[in-house]
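Reading the structure
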Amino acid sequence: MCQHQPPCPTAESADRESARLLAHHPEQGWSLLCNGVLLFEDTGELLPDGQIIAPHRPMGTDQVMTAA
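Residues numbered from 1 in each chain as written. Predicted model: local features only at pLDDT ≥ 70, side-chain atom pairs only at ≥ 80, totals over all residues. Heavy atoms only, no water.

Some details on the overall build of the chain
Stated formally: Here a strand is any run of E in DSSP of at least two residues, a helix any run of H or I of at least four, and the numbering for each starts at the N terminus. To sort residues, take the accessible area from a 1.4 Å probe on protein chains only and compare it with the maximum for the residue type: under 20% means buried, over 50% means exposed, and anything in between is partly exposed. The contact definition used throughout considers only heavy atoms, calling two residues in contact when any of these lie within 4.5 Å. Every accessible area reported is derived by Shrake-Rupley at a probe size of 1.4 Å, with residue values counting cover from the shown protein chains alone.
Secondary structure assignment for the chain yields 0 helices and 5 strands. Taken from the N to the C terminus, the helices and strands of the chain come in the order β-β-β-β-β. Within the chain, buried positions represent 26% of all 68 residues. For the chain, contacts bridging at least 24 residues in sequence account for 19% of all contacts bridging at least 6. Accessible area of the chain: about 5100 Å², with a carbon and sulfur share of 58%.

Here we look at the nonpolar core
Heads up, the rule is: Among buried residues, the Ala, Val, Leu, Ile, Met, Phe, Trp, Tyr and Cys ones that are joined through side-chain atoms within 4.5 Å form a nonpolar core.
Counting 8 residues, the largest nonpolar core is built from Cys 8, Ala 11, Ala 19, Leu 33, Cys 34, Val 37, Leu 47 and Ile 53. In contact with Leu 47, other than residues within four places in its own chain, are Ala 11, Arg 16, Val 37 and Ile 53.

Digging into the side chain of His 4
Stated precisely, the cut-off is as follows: Pairs of N or O atoms are called polar contacts if they sit within 3.5 Å, as long as, within protein, a hydrogen donor faces a hydrogen acceptor (for residues adjacent in sequence, only side-chain-to-side-chain pairs).
Within the secondary structure, His 4 is located in the segment before β1 (21–25). A distance of 3.2 Å separates polar atoms of two side chains, one belonging to His 4 and the other to Arg 20.

Points about the side chain of Asn 35
The residue Asn 35 is located in the loop between β2 (30–33) and β3 (38–40) in this model. According to the relative accessible area criterion, Asn 35 is buried, its value standing at 9%. Polar contacts involving the side chain of Asn 35 include one to the main-chain carbonyl oxygen of Pro 9, which spans 3.0 Å.

So, the environment of Pro 55
Assignment of secondary structure puts Pro 55 in the segment after β5 (52–53). Taking the C-alpha atoms as reference points, Pro 55 and Gly 44, 11 residues apart in sequence, are found 3.8 Å from one another. The contact partners of Pro 55, leaving out residues within four places of it in the chain, are Asp 42, Thr 43 and Gly 44.

Details of the sheet that holds strand β4 (residues 45–46)
Selection criterion: The criterion for strand pairing is that DSSP finds at least two bridges linking the strands in question.
If you trace the 5 strands from one edge of the open sheet to the other, you get β1-β2-β3-β4-β5, paired in antiparallel fashion. Among the strands making up the open sheet, the edge pair consists of β1 and β5. Where β3 lies against β4, 2 bridges are found, and the strand directions are antiparallel. Within β4, the residue paired with Leu 38 across the bridge is Leu 46.

Next comes the structure, spelled out in structure tokens:
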């Protein structure tokens, strides 16, 4: 799918989110990457094979629990 040199990481790669943007629609909350991955605003992903990657946004400091 990718025509860039060097080619973008594949959808199966751990660094798949670093592929180039093909389409970006922030008003709708999604972007299409060169490797066919749909990346959503909440950090969830839809891979070309239909696999769903749950959102993996890091927790903010107001949500971190500390031991007493």
